[in-house]
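Descriptive analysis of the structure
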Amino acid sequence: MKVRRCSILHVEPREQVEFNLAALLSGGDGLARGCRWVALAPHLGHEVVVDEAECLLLGRISPEAWVEAGALGDEMASALRSLLRKGLVVGRHARYVEMRRKDEEVRARHWHPLAATFHAFTRWSGADAVQAMQETGTSTAAELREQLGTPPPETISRVAENDSIPLAEDACNDFDRLLELRVTCRNFDTSRRLPGQMLSRLIGRVFRARSCVRVTDDTVFLKKSSPSGGGLHPIEAYLLIRNVDGVADGLYHYHPVAHALEPLPAPELPLDQLMLDALAQQHWFADAHVMVVLSPRYLRNFWKYRHHAKAYRALVLEAGHLSQTLYLSATEMGLGAYVTCAVNETLLEKAFGLDPMAEGVLAVCGFGWRAPEMVTMELDPAERVWQASSVEA
Ligand SMILES: Cc1cc2nc3c(=O)[nH]c(=O)nc-3n(C[C@H](O)[C@H](O)[C@H](O)COP(=O)(O)O)c2cc1C
């Protein structure tokens, strides 16, 4: 049978530290340390431990050229069988067809190897961010200082004070006032329904294609309110909507040219539960009327930026631009907004039917009516938002 190595693979020598009573009783620190090799292959989506013989063999098999298994030497036969079972080497035999398909899908998408590995192995599943902060005693700013010591200073100066050039104070206009009102909202009002018109306007402002630039029938670039590398606009908006007039609670995909919601099948979990679990239990965001999942179609970007060292970075930046446009649009409409990447991607992928190496989840935003009272802390030191007069829509 002919074999080749999977297309993208990084092998990490990882230290494993375990408590060991014998080590403690013999006067040591009670910790047993051992190193093991951990293979990170994005087409698998989970870590795989390999032994030294397997590690050595992985370095000898081409990821491109198919070679006869027998040519790798009899002494490697057992390691090869194990690597085939683990999916790190793929075989031409029908038995390996599923693994070969997964590997070929990753190959066809032109990922930069480091970006693919980073993306595949930084996704969360079942994480509880709130509990993690409680367990580490880092829930508040004061606790953070207590646990982590002094942070780096809030600003730096690169010249002596006298050498800096003060810039003029400018008159404040409506746009400056809008910027001052932008505060991450952690208090939403579930008792108030959002008019459907507000949903359409906000989603349109952020995600709608304002123009289509048609180069040929099959090659179209889009113009939106935020910038996008190469004008490709690969980031899709998937919505979880609740409590909005004229729109049934549920999951949707937004079509940026048609400016239309596309209803998706109901998820297995009730919507409230899905929202909270997806947000890693950050209940302060889970009451928002609309959650927007920012999900790049990677191939749309990597079609142009093939195996490109900066392509993934560009997508992360694009998500940031969309989030800021969403914040400002919501603020202007008297709504609260948030962004987070502390999310359980695997749950969102399942709910919206997204293959993580094709259309992963980069970030989650949300918006809705602000609550009348601040229960969870927001950063509004100048009290721009949390004065009754300024929150009224
Ligand atoms: C990329 C990104 C991720 C964030 N993730 C979280 C989060 O997981 N939970 C949260 O409560 N706030 C999150 N925030 C909001 C920040 O905590 C917030 O911006 C910061 O406290 C400053 O407050 P402001 O946005 O009101 O100026 C995030 C912000 C950004 C830009």
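Residues numbered from 1 in each chain as written. Predicted model: local features only at pLDDT ≥ 70, side-chain atom pairs only at ≥ 80, totals over all residues. Heavy atoms only, no water.

Our focus in this paragraph is the packing of helix 8 (residues 174-181) against helix 13 (residues 311-332). Running from N to C, helix 8 and helix 13 point in directions that differ by 105°, and their axes come no closer than 9 Å. Considered as vectors, helix 8 and helix 13 are oriented roughly perpendicular to each other. Seen from helix 8, the contacting residues are L178, L179 and L181; seen from helix 13, they are L328, T331 and E332. Looking at the contact of helix 8 with helix 13 residue by residue, the classes come out as four nonpolar, one polar and one charged. (Axes fitted to C-alpha atoms, helices over the stretch in contact; angles between N-to-C directions. Helix = DSSP H or I, 4+ residues; strand = E, 2+ residues; numbered from the N terminus. Parallel < 35°, antiparallel > 145°, perpendicular 65-115°, else oblique. Contact = heavy atoms within 4.5 Å. Nonpolar A, V, L, I, M, F, W, Y, C, P; charged D, E, K, R; others polar.)

Strand pairing in a sheet relies on backbone hydrogen bonds, with the paired strands running either antiparallel or parallel. Spatial strand order, 2-3-4: three strands in an open sheet with antiparallel pairing. The open sheet has two edge strands, strand 2 (10-19) and strand 4 (48-50), and neither has a second partner. Between one strand axis and the next, the sheet turns by 50° as a mean value, whatever way the strands run. Pairing of strand 3 (residues 31-40) with strand 4 involves three bridges; the strand directions are antiparallel. In the strand pairing of strand 4, A39 is matched with V48. (Pairing = 2+ DSSP bridges.)

Inspection of the region around the ligand gives R182, V183, T184, R186, Q282, W284, F285, V339, T340, A342 and L379 as its neighbouring residues. At 2.6 Å, a side-chain N or O of Q282 approaches a nitrogen atom of the ligand. Within the backbone of V339, an N or O atom sits 3.5 Å from a nitrogen atom of the ligand. Across the complex, the protein chains shield 60% of the 610 Å² of accessible surface that the ligand would expose by itself. Of all the secondary-structure elements, those providing two or more residues to the shell around the ligand are helix 11 (283-286) and strand 13 (336-340). Grouping the constituent residues of the shell around the ligand by class yields six nonpolar, three polar and two charged. (Near = heavy atom within 4 Å. Polar contact = N/O pair within 3.5 Å; in protein donor to acceptor, adjacent residues only side chain to side chain. Areas by Shrake-Rupley, 256 points an atom, 1.4 Å probe, with all protein chains shown as cover.)

A general trend in soluble globular proteins is that nonpolar side chains are found buried together. One finds W111, F207, V292, L294, L326, L335 and F367 to be the most contacted residues of the largest nonpolar core, which totals 45 residues. Mapped by element, the contributors of at least two residues to this core are helix 5 (113-120), helix 9 (196-207), strand 9 (235-241), strand 10 (250-255), strand 12 (290-296), helix 12 (298-302), helix 13 and strand 14 (363-368). Take this core: its biggest share by element is eight residues, from helix 13. Apart from residues no more than four positions distant in its own chain, F207 is found in contact with K224, A237, Y254, P256, V292, L294, L322 and L326. Within the second largest apolar cluster, 25 residues are counted, among which are V130, L240, V343 and L354. (Core = buried A, V, L, I, M, F, W, Y, C linked by side-chain atoms within 4.5 Å. Buried < 20%, exposed > 50% of the residue type's maximum accessible area, 1.4 Å probe, protein only.)

Okay, the sheet that holds strand 1 (residues 2-5) next. Ordered in space as 5-1-6, the three strands form an open sheet in which the pairing is antiparallel. Strands at the two margins of the open sheet, each flanked by one partner only, are strand 5 (67-68) and strand 6 (89-91). Bridge count between strand 1 and strand 5: two bridges; the pairing is antiparallel. The partner of K2 across the bridge, within strand 5, is E68. Packed on one face of the sheet, helix 3 (residues 77-86) meets strand 1 and strand 6 and runs near 85° to strand 6.

Here Y254 shows up in strand 10. Looking at Y254, the relative accessible area reads 3%, which means it is buried. Linking Y254 and K304, residues 50 residues apart in sequence, is a C-alpha distance of 24 Å. Residues within four places of Y254 in sequence aside, it is in contact with I203, G204, F207, R208, E236, A237, H259, A260 and L261. A polar contact of 2.6 Å, which involves the side chain of Y254, links it to the side chain of H259.

Quick look at unusual backbone geometry now. Positioned with a positive phi, H259 is a non-glycine residue whose angle comes to about 50°. Inspection of the secondary structure puts H259 in the loop between strand 10 and strand 11 (260-263). Residue H259 is classed as partly exposed on the basis of its relative accessible area of 26%. Located in the positive-phi region is A280, a residue other than glycine, with phi close to 50°. Secondary-structure assignment places A280 in the loop between helix 10 (271-278) and helix 11. For A280, a relative accessible area of 0% gives the class buried.

Right, let's get into the pattern of salt bridges. The tally for this structure, following the rule as stated, stands at 19 salt bridges. Between E54 and K86 there is a salt bridge, and its shortest N-O distance comes to 2.8 Å. Note that E54 is positioned in helix 2 (residues 52-58) and K86 in helix 3, a separation of 32 residues in sequence. With relative accessibility at 4%, the residue E54 sits in the buried group. Overall, K86 belongs to the partly exposed group, its relative accessible area being 26%. Between E378 and R370 there is a salt bridge whose closest N-O contact spans 2.8 Å. Considered together, E378 and R370 belong to a single accessibility category, that of buried residues. (Salt bridge = Lys/Arg side-chain N within 4 Å of Asp/Glu carboxyl O.)

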